[in-house]
Amino acid sequence: MTDETLHFASQQYFCYFSLLLFARGMDFLSTWVATPNLALEGNPLARKLGWKWGGLVNLALCFVFAFWPLTAIIVMTAGLLVAAHNFHSAWLMRSMGESAYRCWFLDRVCETPRFLYFACLCGETMLTALPGAALIWFCEADSIPFAIGFGIVAYAGIVLFYTSLSLWRLRRSEDKKEACIIRDNLSS
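So, a few notes on the structure that sits alongside this text. Small disclaimer: the values here were computed from a predicted structure and weren't measured.

**Re the overall build of the protein chain**
Per the secondary structure count, the protein chain includes six helices and zero strands. Taken from N to C terminus, the helices and strands of the protein chain fall in the order α-α-α-α-α-α. Looking at the protein chain as a whole, 29% of its 188 residues are labelled buried. Partitioning the contacts of the protein chain with sequence separation of at least 6, the portion at a separation of at least 24 is 75%.

**With respect to the pattern of salt bridges**
Between side chains of opposite charge, a pair can form as their charged atoms come close. Under the counting rule described, the total for this entry stands at two salt bridges. Asp-27 is the partner of Arg-24 in a salt bridge, and the nearest nitrogen-oxygen pair spans 2.8 Å. With Arg-24 and Asp-27 both in helix H1 (residues 11-34) and three residues apart, this pair spans about one turn of that helix. Measuring nitrogen to oxygen at the nearest pair gives 3.2 Å for the salt bridge that ties Arg-108 to Glu-111. Taking relative accessible area as the criterion, Glu-111 reaches 59% and is therefore assigned exposed.

**Details of the side chain of Asp-27**
In this structure Asp-27 comes out as buried when scored by relative accessible area, which is 11%. In terms of polar contacts, Asp-27 uses its side chain to reach the side chain of Arg-24, at 2.8 Å. Other than its neighbours up to four places away in sequence, Asp-27 contacts Gly-79, Val-82, Ala-83 and Asn-86.

**What about the environment of Leu-80?**
The topology assignment puts Leu-80 in helix H3 (residues 69-96). A relative accessible area of 37% means that Leu-80 is categorised as partly exposed. Setting aside anything within four residues of it in sequence, one finds Leu-80 in contact with Phe-22, Ala-23 and Met-26.

**Digging into a nonpolar patch on the surface**
On the surface, Phe-8, Phe-63, Val-64 and Trp-68 cluster together into a nonpolar patch covering about 380 Å² of accessible area. Of note, Phe-63 is situated in helix H2 (residues 44-65).

**What to know about the nonpolar core**
In terms of nonpolar packing, the biggest core is built from 15 residues, with Tyr-13, Tyr-16, Leu-20, Ala-66 and Met-76 touching the most fellow members. Setting aside residues no more than four positions away along its own chain, Met-76 makes contact with Tyr-16, Leu-19, Leu-20 and Ala-23. If you look at the next biggest cluster of nonpolar residues, it comprises five residues, including Ala-78, Val-82, Leu-121 and Tyr-155.

**Here's the deal with the packing of aromatic side chains**
By the definition in use, this model includes 14 aromatic pairs. Taken together, a centroid distance of 4.8 Å and an interplanar angle of 50° make the contact between Tyr-13 and Phe-67 tilted. Of the two residues, Tyr-13 is situated in helix H1 and Phe-67 in the loop between H2 and H3; the sequence distance between them amounts to 54 residues. The residues Tyr-13 and Phe-67 share a single accessibility class, namely buried. The ring of Trp-32 carries the charged tip of Arg-94 above its face, separated from the ring centre by 4.7 Å.

Cut-offs applied
Residues numbered from 1 in each chain as written. Predicted model: local features only at pLDDT ≥ 70, side-chain atom pairs only at ≥ 80, totals over all residues. Heavy atoms only, no water. Helix = DSSP H or I, 4+ residues; strand = E, 2+ residues; numbered from the N terminus. Buried < 20%, exposed > 50% of the residue type's maximum accessible area, 1.4 Å probe, protein only. Contact = heavy atoms within 4.5 Å. Salt bridge = Lys/Arg side-chain N within 4 Å of Asp/Glu carboxyl O. Polar contact = N/O pair within 3.5 Å; in protein donor to acceptor, adjacent residues only side chain to side chain. Patch = residues over 30% accessible without salt bridge, like charges linked within 9 Å, V, L, I, M, F, W, Y side chains within 5 Å. Areas by Shrake-Rupley, 256 points an atom, 1.4 Å probe, with all protein chains shown as cover. Core = buried A, V, L, I, M, F, W, Y, C linked by side-chain atoms within 4.5 Å. Phe/Tyr/Trp six-rings, centres within 6.5 Å; stacked < 30°, edge-to-face > 60°. Lys NZ or Arg CZ within 6 Å of the ring centre and 35° of its normal.

This is the structure in structure tokens:
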């Protein structure tokens, strides 16, 4: 396989477009199961776009990425892994409700030393990225295994980035919470 560009409406283009729609659809479905109001969505842009605009943007991205097979495979791999990651806890988020799950999760994070939480997050993402990095290292750059490896590494990066972003936002909210407690204690 080369880094060829496919012709629009060709059989290969339609195949990659369909696979991209499936992968992005699974990401959407897993997100909807977990957080129908997007209250727990880690990606601030996705939260801001919402379901309607997010769906249109993803449809446009699928349309564009389907022209390049290796790019399509990278996006599909990362998207399916994100969906699997979402489904892992989606049942718990849905059964508890978004607000209750957020409070429960924040309590667990607040009770855990930040270093331990971040070290475990780095361990998870690094161990996930290693097989992908091996595929990148040992495969030809214009091959399907290379693209799959790149998608695995991209997924690990996505998890590390958005989870770290959530942790940083949590830190800011804790600082605000502490400021409110101090303010309330001073005014009493």
